[in-house]
Amino acid sequence: MSQQQISLPAKLINGGVAGIVGVTCVFPIDLAKTRLQNQRSGQQVYKSMMDCLIKTVRSEGYFGMYRGAAVNLTLVTPEKAIKLAANDFFRHHLSKDGKGLTVFKEMLAGCGAGMCQVVITTPMEMLKIQLQDAGRLAAQQRKPVVMAATKLGSANTVLSRSYNAGAAPVVRRVSALQIAGELLHTQGIQGLYRGLGATLMRDVPFSVVYFPLFAHLNRLGQPSPSENAPFYWSFLSGCAAGSTAAVAVNPCDVVKTRLQSLSKGVNEESYNGVVDCVSKIMRKEGPSAFLKGAGCRALVIAPLFGIAQVMYFVGVGEFVLGSSPFNLYSA
């Protein structure tokens, strides 16, 4: 990669295809991760990832597990494309001397990739989280709503928007376009970039850990310095590096999820920035709260980046553009 001329359009295609395939496979687990991270102590609706998925299917149907998938699939193409292509771009320009990259330069390239991707990641995550968390809020408020309806009748206009008095709650269907339009109308472009600082705190360290670790693990599977590792080795390397980086930055992901959640459940506090969020979580829920959803996040990121690296190293983009043959076994 150091002295090869990289094809940016091909890398963008690779990243886009990888993102679509990966997200389609792991989105239900990502939904469980968001709902688990947003749970507060004493107000737990879900006990585990499997419990969350089972309850989601029962109350919202099979496609309830894919709430928010449309916005993710729409924006994951440029997000993954920017992330993977930016890392290649920085690695290429940091290795002009013809020698292999040092660990520091690999980390620097990953840092650059993480900073570039937040342009797309922040609004994508912002919209996705609102849609993913709607079912949790409905389930959490089921009993309080029924009681309130009994006592207050139809006077409670706030609850009546989303729930029928005395009946099981109905999840209010709101599209990503409606949420985006409302945010732009009320808060301007900064509304879509709420939680930008927390997103940077998550994605930059993730890329700093992930890309160097993947490069070194993948290098172990190369038959020789001039040959690429087999596709299955790239997949396993992507899984191992992705899950490691995901768990390492999970506390930042919890903070980001909390900050970007616009709708709050009963007695759930709001946060005024990263520092306020961290201090309130630490004080009210303890250090273990920062590990909420870590297992789900590892299960999401591992196959997502494993699939991404296979698609990327197989060279789908190069094949589509006609610059190289499609050869799975030499990838």
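Residues numbered from 1 in each chain as written. Predicted model: local features only at pLDDT ≥ 70, side-chain atom pairs only at ≥ 80, totals over all residues. Heavy atoms only, no water.

An unreviewed UniProt entry lists the chain under the name Mitochondrial glutamate carrier 1, from Anguilla anguilla. We quote the UniProt Subcellular location (unreviewed entry) comment for the chain here in full: "Mitochondrion inner membrane". (UniProt positions renumbered as here; feature names shortened; annotations may be inferred.)

Engineer: I keep staring at the overall build of the chain and nothing clicks. Help me out?
Structural biologist: A count of helical and extended segments in the chain gives 14 helices and 0 strands. Total accessible area on the chain stands at roughly 15300 Å², and carbon and sulfur atoms take up 66% of it. (Helix = DSSP H or I, 4+ residues; strand = E, 2+ residues; numbered from the N terminus. Areas by Shrake-Rupley, 256 points an atom, 1.4 Å probe, with all protein chains shown as cover.)

Engineer: Where do I start with the nonpolar core in this structure?
Structural biologist: Most often, soluble globular proteins keep nonpolar side chains buried together rather than apart. One finds Phe 206, Tyr 210 and Ile 301 to be the most contacted residues of the largest nonpolar core, which totals 35 residues. Elements with a contribution of two residues or more to this core: helix H1 (8-38), helix H2 (49-60), helix H3 (69-94), helix H4 (103-140), helix H9 (196-219), helix H10 (231-248) and helix H13 (294-314). (Core = buried A, V, L, I, M, F, W, Y, C linked by side-chain atoms within 4.5 Å. Buried < 20%, exposed > 50% of the residue type's maximum accessible area, 1.4 Å probe, protein only.)

Engineer: Looking at this structure, how should I read the packing of aromatic side chains?
Structural biologist: Any pair of aromatic rings gets described here by the distance separating the centres and the angle formed by the planes. Per the counting criterion, the structure on display carries 10 aromatic pairs. Both rings, one in Tyr 62 and one in Phe 63, keep their centres 5.4 Å apart while their planes meet at 80°; by these two values the pair is edge-to-face. Ring geometry for Phe 206 and Tyr 210: centres 5.7 Å apart, planes at 10°, overall stacked. Here the residue Phe 206 and the residue Tyr 210 both occupy positions in helix H9, the gap between them amounting to 4 residues, near one helical turn. (Phe/Tyr/Trp six-rings, centres within 6.5 Å; stacked < 30°, edge-to-face > 60°.)

Engineer: Mind showing me how you'd approach the confidence of the model for the chain here?
Structural biologist: Low pLDDT marks regions whose predicted coordinates should not be analysed in detail. With 85% of its residues at a pLDDT of 70 or more, the chain shows a mean pLDDT of 81. Ranking the elements of the chain by mean pLDDT puts helix H6 (residues 157-160) last with 34 and helix H11 (residues 250-260) first with 94. Long-range and interchain partners of residues 145-171, a stretch whose pLDDT sits below 50, account for 24 contacts in this model, where long-range means more than four residues apart. (pLDDT = per-residue confidence, 0-100. Contact = heavy atoms within 4.5 Å.)

Engineer: Could you clarify how one ought to interpret H13 in this entry?
Structural biologist: Note: α-helices contain 3.6 residues per turn, so residues at a spacing of three or four share the same orientation. In this model H13 runs 30 Å from its N-terminal to its C-terminal C-alpha over 21 residues, within 8% of the 30 Å that 1.5 Å per residue would give. Extensive coverage of H13 is indicated by the burial of 16 of its 21 residues. Looking one or two residues past H13, Gly 315 carries a phi angle of roughly 85°, positive in sign. (Expected span 1.5 Å × (residues − 1).)

Engineer: Please clarify how the packing of H3 against H13 should be interpreted in this entry.
Structural biologist: The angle between the axes and the distance between the axes are what describe a pair of packed helices. At a minimum axis distance of 12 Å, the contact between H3 and H13 shows a crossing angle of 60°. One finds that H3 runs oblique with respect to H13. With respect to the hand of their crossing, H3 and H13 are arranged in right-handed fashion. Packed against H3, whose contacting residues are Lys 80, Lys 83, Leu 84, Ala 85 and Asp 88, the element H13 presents Leu 304, Phe 305, Ala 308, Gln 309 and Tyr 312 at the interface. Among the residues forming the contact of H3 with H13, the class breakdown is 6 nonpolar, 1 polar and 3 charged. (Axes fitted to C-alpha atoms, helices over the stretch in contact; angles between N-to-C directions. Parallel < 35°, antiparallel > 145°, perpendicular 65-115°, else oblique. Left-handed = near helix turned anticlockwise from the far one by under 90°. Nonpolar A, V, L, I, M, F, W, Y, C, P; charged D, E, K, R; others polar.)

Engineer: I would appreciate a short explanation of a nonpolar patch on the surface in the present structure.
Structural biologist: A cluster of nonpolar side chains, contributed by Leu 220, Tyr 232, Trp 233, Phe 235 and Leu 236, occupies part of the molecular surface with about 510 Å² of accessible area. For Tyr 232, a relative accessible area of 46% translates into the label partly exposed. (Patch = residues over 30% accessible without salt bridge, like charges linked within 9 Å, V, L, I, M, F, W, Y side chains within 5 Å. Salt bridge = Lys/Arg side-chain N within 4 Å of Asp/Glu carboxyl O.)

Engineer: It is not clear to me how H3 should be interpreted in this structure. Could you clarify?
Structural biologist: Taking 1.5 Å as the rise per residue, H3 with 26 residues should run 38 Å; its terminal C-alpha atoms sit 36 Å apart, in good agreement. Along H3, the largest kink reaches about 40° and is centred on Val 76; proline Pro 78 follows within four residues of it. (Bend = angle between axes of the 7 residues up to and from the residue.)

Engineer: Any chance you could explain the packing of H1 against H3 here in plain terms?
Structural biologist: At their nearest, the axes of H1 and H3 sit 7 Å apart, and the two run at 135° to each other. When the axis of H1 is compared with that of H3, the two are oblique. Taken as a pair, H1 and H3 cross one another with a handedness that is right-handed. Contacts between H1 and H3 involve Leu 8, Lys 11, Leu 12, Gly 15, Gly 16, Gly 19, Ile 20, Val 23, Thr 24 and Phe 27 from the first element and Ala 69, Asn 72, Leu 73, Val 76, Thr 77, Lys 80, Ala 81, Ile 82, Leu 84, Ala 85 and Asp 88 from the second. Split into classes, the residues belonging to the contact of H1 with H3 amount to 12 nonpolar, 6 polar and 3 charged.

Engineer: Which parts of the structure should I look at to understand the state of the cysteines?
Structural biologist: Disulfide: a covalent bond connecting the sulfur atoms of a pair of cysteines. Tallying each qualifying case throughout the model produces 0 disulfides. With no disulfide of its own, Cys 116 lies 9.4 Å from the sulfur of Cys 111, the closest cysteine sulfur. Looking at Cys 116, the relative accessible area reads 30%, which means it is partly exposed. (Disulfide = S-S within 2.5 Å.)

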